[in-house]
Amino acid sequence: MTTSIESGSIEPGDLYRLLAWFSPSYPIGAFSYSHGIEFAVETGRVKTAADLSQWIGHILRHGAGWVDAVLLKEAYMAAGKSEGGDAARLEELADLAAAWRGTAETALESAQQGGSFVMVTRAAWGHPAIDAFAAARGERPIALSIALGVAAAAHKLPLRPVLAAALHAFAANLVSAAVRLIPLGQTDGQRALSALLPVVESVADCALACPLDECGTAAPMVDLMSMLHETQYTRLFRS
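What counts, and where the lines are drawn
- Residues numbered from 1 in each chain as written.
- Predicted model: local features only at pLDDT ≥ 70, side-chain atom pairs only at ≥ 80, totals over all residues.
- Heavy atoms only, no water.
- Helix = DSSP H or I, 4+ residues; strand = E, 2+ residues; numbered from the N terminus.
- Rg over C-alpha atoms; globule rule 2.2 N^0.38 Å.
- Buried < 20%, exposed > 50% of the residue type's maximum accessible area, 1.4 Å probe, protein only.
- Contact = heavy atoms within 4.5 Å.
- Areas by Shrake-Rupley, 256 points an atom, 1.4 Å probe, with all protein chains shown as cover.
- Lys, Arg positive; Asp, Glu negative; His and termini not counted.
- Charge placed at Lys NZ, Arg CZ, Asp CG, Glu CD.
- Expected span 1.5 Å × (residues − 1).
- Arc of directions from axis to C-beta.
- Phe/Tyr/Trp six-rings, centres within 6.5 Å; stacked < 30°, edge-to-face > 60°.

Q: Provide a residue-level description of the overall build of the chain, including the pertinent values.
A: Tallying secondary structure elements over the chain gives 12 helices and zero strands in all. When its helices and strands are written in sequence order, the chain yields α-α-α-α-α-α-α-α-α-α-α-α. A compact globule built from 239 residues should have a C-alpha radius of gyration of about 18 Å, and the chain, at 17 Å, falls within 12% of that. Expressed along its principal axes, the backbone C-alpha trace of the chain runs to roughly 50 × 35 × 35 Å. Here the chain holds 239 residues, and the buried ones make up 52% of them. Across the chain, every contact between residues at least 6 apart in sequence was considered, and the portion connecting residues at least 24 apart equals 84%. About 10800 Å² of surface is accessible on the chain, with carbon and sulfur atoms providing 58% of the total. Here the chain carries 17 positive and 24 negative side-chain charges, and the mean point of each set is 3 Å from the other.

Q: Any details on helix H5 (residues 87-99)? Residues and values, ideally.
A: For H5, built from 13 residues, the straight-helix expectation of 18 Å at 1.5 Å per residue is met to within 8% by its first-to-last C-alpha distance of 19 Å. The complete set of buried residues in H5 reads Leu90, Glu91, Leu93, Ala94 and Ala97. Buried residues of H5 fall within an arc of 170° about the axis and therefore sit on the same side. Facing away from the buried surface of H5 by more than 90 degrees, the exposed residues are Ala88 and Ala99. Those residues of H5 that are buried lie in contact with helix H4 (64-79), helix H7 (128-137) and helix H8 (144-154).

Q: Explain the packing of aromatic side chains residue by residue, including any values.
A: A complete count under the given rule lists three aromatic pairs for this structure. Here the aromatic rings of tryptophan 21 and phenylalanine 117 are separated by 5.6 Å at their centres, their planes lie at 85°, and the arrangement is edge-to-face. Residue tryptophan 21 is found in helix H1 (residues 12-21), and its partner phenylalanine 117 is found in helix H6 (residues 104-124); the two are separated by 96 residues along the sequence. The class of phenylalanine 117 is buried, set by a relative accessible area of 1%. A centroid spacing of 5.6 Å and a plane angle of 50° characterise the contact between tyrosine 26 and phenylalanine 117, whose relative ring orientation is tilted. Of this pair, tyrosine 26 sits in the loop between H1 and helix H2 (37-42) while phenylalanine 117 sits in helix H6, placing them 91 residues apart in sequence. Here tyrosine 26 falls in the buried class, since its relative accessible area comes to 9%.

Spelled out as structure tokens, the structure:
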């Protein structure tokens, strides 16, 4: 099995597992979140497929997409460091990831999906390392990025494809939300997603090389949209 973090190759069985985890049918509730796009559409900041790809591209490069990619990588490295992983490092990363959100809604978005991912993955793709991590966290929140890193390391999936899959899934979910909100045709939605391919590739590569202490976010308008979404009169999404 190819497990080098620099490798882009993946074995068929691992590909099946990866496709299952990042399928829209994986029951973690991702469909109920828009990451503030609902208010951006409401106020006319996102109107077209081009607007959408630019908006999501910024989140991937400078917002939650970027920081989550780095955190996923760090969790993967800590979980796979030795037999049983580096438990202290994982605790530190999990606490940091839980705090690394600018708004209450995006914090809920990450923690709810992370907790659901751990629950479903333990039931369907169980592994002692995932069980041990979940037991150590107890009732404390688990961000999705950390859950993904731990699970990927436990199942020895190559990190580069996992990062690309996570970023694609995040972008695809926001595109799906925008298709319903703008409204945007399904073909235009796919055009927006296609335009994000080089962004996903670039962010995945950069995340592999970025030390955690050099990671940061710079997406204040996205955070503002999320804050204002909390009091939006009519809402379809939880963030």
